Amino acid sequence: MKIEPHQLTTCLSDITRLRIIALLHSAGELCVCQIVSTLDTSQPKVSKHLSVLRSHGIITQRRQGKWMHYKLDPEIPAWANLVIYHLVSGCATRFPYLEDSGRFDVQNRVQSCV
């Protein structure tokens, strides 16, 4: 699916989706449990936002056992990838993205999906 500029900006306008994209951008592939734990929010809320991102071709998913793993779609158009890169870079030192990054680092040193 090709994403259009208005679809990308709509997806990026939601803080939860932007936080998810920032995590995936920095960490690569993540299990849904890692996203839920890092964002400290409910699994249904995260799943709803992952579904929106997936339906617009921004992320892909794969199943491993009982867990779903997500990553940025490697087929995303170059222009969209640049927008995401610059937006995530600009958010990296701001609340709540900086806190998400720190929480992710701490949690992934001591836990993994079971």
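What this report covers is the structure whose coordinates are included nearby. (Residues numbered from 1 in each chain as written. Predicted model: local features only at pLDDT ≥ 70, side-chain atom pairs only at ≥ 80, totals over all residues. Heavy atoms only, no water.)

On to helix H5 (residues 78-91), then. Between its terminal C-alpha atoms H5 stretches 20 Å, which fits the 20 Å expected from 14 residues at 1.5 Å a residue. Within the span of H5, buried status applies to Ala80, Ile84, Val88 and Cys91. For H5, the angular spread of the buried residues around the axis is 60°, confining them to a single face. Turned more than 90 degrees away from the buried face of H5 sit Ala78, Leu82 and His86, all of them exposed. (Helix = DSSP H or I, 4+ residues; strand = E, 2+ residues; numbered from the N terminus. Expected span 1.5 Å × (residues − 1). Buried < 20%, exposed > 50% of the residue type's maximum accessible area, 1.4 Å probe, protein only. Arc of directions from axis to C-beta.)

Helix-helix packing is characterised by the crossing angle of the two axes and by the distance between the axes. Contact geometry for helix H2 (residues 15-27) and helix H4 (residues 43-55): axes closest at 10 Å, N-to-C directions at 75°. Accordingly, the angle class assigned to the pair H2 and H4 is roughly perpendicular. Listed contacts from H4 to Thr16, Arg17, Ile20 and Ile21 of H2 are Lys45, Val46, His49, Leu50, Val52 and Leu53. Here the contact of H2 with H4 is built from residues that sort into six nonpolar, two polar and two charged. (Axes fitted to C-alpha atoms, helices over the stretch in contact; angles between N-to-C directions. Parallel < 35°, antiparallel > 145°, perpendicular 65-115°, else oblique. Contact = heavy atoms within 4.5 Å. Nonpolar A, V, L, I, M, F, W, Y, C, P; charged D, E, K, R; others polar.)

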